[in-house]
Amino acid sequence: MSPARETIGIGMVGHAFMGAVHSHAWRNVHRFFDPPLVPRLAVLAGRDEARAGAAAARYGWEAVETDWRKLIARDDVGLVDVCTPGDSHAEIAIAALDAGKHVLCEKPLANSVAEAEAMAEAARRARERGVRAMVAFNYRRVPALAHARKLVASGALGEIRHVRSVYLQDWLSDPQAPMTWRMRKETAGSGALGDLGAHIVDAAQFVTGEVITGVSALTNTFVKQRPAESGGLDDVTVDDTALFLARLSGGAVASFEATRFALGRKNAMRLEINGSKASLAFDFESMNELQWYEGAGTEAGFRRILVTEPEHPYVGVWWPPGHLLGYEHTFTNEVADLLAAIGAGTDPEPSFDDGLRVQRVLDAVEKSAAAQATWTAVEEPK
């Protein structure tokens, strides 16, 4: 590590699943990349002091706060990382940006379009003062998906005709699985739609370079009540699955499915794109690979591209060819890009405007599903 590089104090709010993987990224990014700012794990915030203290000790944070407002007010914090449930994203992120702190916010950006609009506006105000904001769609930093984007942009697929994407998990298939915040609309905003659907909406738009303009959707809740922590049953107030057809701005047709009830599927985030010249397919459960088919009328079928060469996106700083990357690497790649943007004084991607665009698609899906799958246009930016 060069002694000439400046440090930046990170303040992270939340310390569960996302807090753990974000901590790993902040702790290791400067050991592989060469960011202009070296992150210092300054302070972690959580409502329960004992639990937050245990997480801080485990993940390497220097200090603990039980009030996120105190974290933002600290002089040793230059960037606030929001890893909380969606109902607090807007309040924390806007306060941090207004206080002059850079922000990384987990996805989906917010629980509603109104909240996401307020966050995007706060990011625009902050940008004028050199303060940056990014939403954490980590799958953009999978080398295979980043390579897929390059292939599409190069014209190798020709005219994009079909996009199909699914995100399949099974961790809620058991009706006795206990109630959590992810099954309450007031905290999560939506169920599989926001948790998983947000990822595949962003991935499809990122890889194709197009935006979703309209949808026709269905949602369903299979298990209406779940065991409450205090005993008895609590009502599930979000979707268990969401399915929708869509049209992209370039004219392609698309289909999407998100569910946490696909028995046997643990983290099957898949994207396939069919063009006039070629097709590509990706499955996160084989995240170091792309499937590629080129030409018409041949019998060879898809071939495998192993995306582990140093010329592939992000791979060069990691391991030799054929040595596979994992889920955690996507977050390290993500914070490396954010630190590089802050150092260069440029806007990182995906921006809060990108997060707002995804939020508008999710909103259109919910409106369509509530209106018996009526075709619903995605709201245009104002």
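Position numbers for residues start from 1 in each chain and track the written sequence from start to end. Predicted model: local features are reported for residues with pLDDT of at least 70 only, side-chain atom pairs are reported and counted for 80 or more only, and whole-chain, interface and lining totals are derived from all residues. Heavy atoms throughout the structure, all of them, feed into the side-chain values; hydrogens and water do not.

Taking an unreviewed UniProt entry as the reference, the protein is identified by name as Gfo/Idh/MocA family oxidoreductase belonging to Amycolatopsis iheyensis.

Draft legend 1. Molecular detail of the pattern of salt bridges. What makes a salt bridge here is a side-chain nitrogen of Lys or Arg within 4 Å of a carboxyl oxygen of Asp or Glu, nothing more. Summed over all chains, the structure comprises 26 salt bridges. For the salt bridge of Arg-360 with Glu-379, the shortest nitrogen-to-oxygen distance reads 4.0 Å. Separated by 19 residues along the polypeptide, Arg-360 in helix 10 (residues 352-370) and Glu-379 in the segment after strand 17 (376-377) bring together distant segments of the chain. Judged by its relative accessible area of 34%, Glu-379 is partly exposed. The network of salt bridges with shared partners includes Lys-107, Arg-182, Asp-195 and Arg-260. What counts as a helix is a DSSP run of H or I of at least four residues, what counts as a strand is a run of E of at least two, and both are numbered from the N terminus. Only protein chains enter the accessibility calculation, which uses a 1.4 Å probe; a residue is then buried when its area is under 20% of its type maximum, exposed when over 50%, and partly exposed in between.

Draft legend 2. Structural context of the UniProt feature "domain: GFO/IDH/MocA-like oxidoreductase" (unreviewed entry) in the protein. Per the UniProt record, "domain: GFO/IDH/MocA-like oxidoreductase" (unreviewed entry) is found at residues 146-280. Secondary structure across residues 146-280 divides into 21% helix and 37% strand, with the first and last C-alpha atoms of the span separated by 13 Å. UniProt positions are given in the numbering used here, feature names are shortened, and annotations may be inferred rather than shown by experiment.

Draft legend 3. Spotlight on the pairing of strand 12 (residues 253-259). The sheet contact formed by strand 7 (residues 160-168) and strand 12 spans seven bridges and is parallel. Bridging across to strand 12, His-162 finds its partner in Val-253. A pair of strands counts as paired when DSSP detects no fewer than two bridges linking them. By the bridge criterion, seven bridges tie strand 11 (residues 241-248) to strand 12 in an arrangement that is antiparallel. Of the residues in strand 12, the one forming a bridge with Phe-244 is Phe-256. Hairpin connection from strand 11 to strand 12: four residues lie between these consecutive antiparallel strands, with Gly-251 at a positive phi of about 105°.

Draft legend 4. Quick peek at the packing of helix 1 (residues 17-32) against helix 9 (residues 327-344). Only the stretch in contact is used when a helix axis is fitted, and all axes are lines through C-alpha atoms; the angle between N-to-C directions ranges over 0 to 180 degrees. At a closest axis distance of 8 Å, the pairing of helix 1 and helix 9 adopts a crossing angle of 60°. In terms of their interaxial angle, helix 1 and helix 9 are classed as oblique. In this structure, the crossing between helix 1 and helix 9 has a hand that is right-handed. Across the interface between the two elements, Phe-17, Met-18, Val-21, His-22, His-24, Ala-25, Trp-26 and Val-29 from helix 1 touch Tyr-327, Glu-328, Phe-331, Thr-332, Glu-334, Val-335, Ala-336, Leu-338 and Leu-339 from helix 9. Polar here means any residue other than Ala, Val, Leu, Ile, Met, Phe, Trp, Tyr, Cys and Pro, which are nonpolar, and Asp, Glu, Lys and Arg, which are charged; Gly is therefore polar. A per-class count over the contact of helix 1 with helix 9 returns twelve nonpolar, three polar and two charged. When an angle is under 35 degrees it counts as roughly parallel; over 145 it counts as roughly antiparallel; between 65 and 115 it counts as roughly perpendicular; any other value is oblique. In this scheme the handedness of a crossing depends on how the near helix is turned from the far one: anticlockwise by less than a right angle means left-handed, clockwise means right-handed. For this analysis, residues touch if any pair of their heavy atoms sits within 4.5 Å.

Draft legend 5. Seen up close, the sheet that holds strand 13 (residues 268-275). The mixed open sheet is built from nine strands, whose spatial order is 16-15-14-13-7-12-11-8-17. At either margin of the open sheet sits one strand with a lone partner, and together these are strand 16 (303-306) and strand 17. Against the sheet, helix 6 (residues 143-153) contacts strand 7, strand 13, strand 14 (278-283) and strand 15 (289-294), and its axis sits at roughly 25° relative to strand 15.

Draft legend 6. Examining the layout of surface pockets more closely. The way it works is a 1 Å grid over only the protein atoms, where trapped points that fit a 1.4 Å probe form a cavity and open points with protein on both sides within 12 Å along at least five of seven lines form a pocket, and then any residue with an atom within 4 Å of a point lines it. Grid points are joined across faces, edges and corners, and a volume is the space filled by probe spheres set on the points. By volume, the largest pocket is sized at about 1,200 Å³. If you go around the largest pocket, you meet 46 residues; those closest to its centre are Ala-16, Cys-83, Thr-84, Pro-85 and Trp-181. For the lining of the largest pocket, the secondary-structure elements that each account for two or more residues are helix 1, helix 4 (89-98), helix 7 (185-188), helix 8 (192-208) and helix 9. For the lining of the largest pocket, the leading source of residues is helix 8, giving four residues. Residue composition of the lining of the largest pocket, grouped by class: 18 nonpolar, 17 polar and eleven charged. Empty space within the second largest pocket amounts to approximately 290 Å³. Counting only elements with at least two residues in the lining of the second largest pocket, the list comes to helix 5 (113-127), strand 8 (212-220) and helix 10. For the lining of the second largest pocket, the element with the highest residue contribution is helix 10, accounting for four residues. When its residues are assigned to classes, the lining of the second largest pocket shows six nonpolar, two polar and eight charged.

Draft legend 7. Representation of the sheet that holds strand 3 (residues 63-65) in the model. Taken in spatial order, the six strands make up an open sheet running 3-2-1-4-5-6, and their pairing is parallel. With one partner strand each, in any of the chains shown, strand 3 and strand 6 (133-136) form the two edges of the open sheet. Here the average twist between neighbouring strands, direction ignored, is 25°. Each of strand 1 (6-13), strand 4 (79-82), strand 5 (102-106) and strand 6 touches helix 4; the most contacted strand, strand 5, lies at about 165° to it. Sheet contacts for helix 9: strand 1, strand 2 (37-45), strand 4, strand 5 and strand 6; angle to strand 5, the most-contacted strand, approximately 155°.

Draft legend 8. Just helix 8, in detail. The first and last C-alpha atoms of helix 8 sit 23 Å apart over 17 residues, in line with the 24 Å expected at 1.5 Å per residue. Here the bend at each residue means the angle between axes fitted to two seven-residue stretches, the one ending at that residue and the one beginning there. The largest bend in helix 8 is about 35°, located at Ala-198. Within helix 8, 17 of the 17 residues are buried, leaving the element largely enclosed by the surrounding structure. One or two steps after helix 8, the chain reaches Gly-209, where phi turns positive at roughly 75°. The span one expects for a helix is its residue count, reduced by one, times 1.5 Å.

Draft legend 9. Structural detail: the nonpolar core. Take the buried Ala, Val, Leu, Ile, Met, Phe, Trp, Tyr and Cys residues and link them wherever side-chain atoms come within 4.5 Å; each set so joined is a nonpolar core. Core analysis: the largest hydrophobic core is formed by 84 residues, its most contacted members being Phe-244 and Phe-352. If you tally residues by element for this core, the top one is helix 8, at ten residues. With sequence-adjacent residues up to four places away left out, Phe-352 is seen in contact with Ala-93, Leu-97, Val-103, Cys-105, Leu-109, Met-119, Ala-120, Ala-123, Ala-133, Met-134 and Val-135. Core analysis: the next-biggest nonpolar cluster, separate from the first, contains 30 residues, Met-18, Tyr-59, Leu-79 and Cys-83 among them.

Draft legend 10. Fine view of the UniProt feature "domain: Gfo/Idh/MocA-like oxidoreductase N-terminal" (unreviewed entry) in the protein. Here the UniProt feature "domain: Gfo/Idh/MocA-like oxidoreductase N-terminal" (unreviewed entry) sits at residues 9-128. Span residues 9-128 is 48% helix and 22% strand, its end C-alpha atoms 21 Å apart.

Draft legend 11. How the structure looks around the pairing of strand 15. Looking at chain direction, strand 14 and strand 15 are connected through four bridges and run antiparallel. Within strand 15, the position partnered with Ala-281 by the bridge is Gln-291. Hairpin connection from strand 14 to strand 15: five residues lie between these consecutive antiparallel strands. As paired strands, strand 15 and strand 16 are joined by four bridges and run antiparallel to one another. When the bridges of strand 16 are listed, Leu-290 appears paired with Ile-305.

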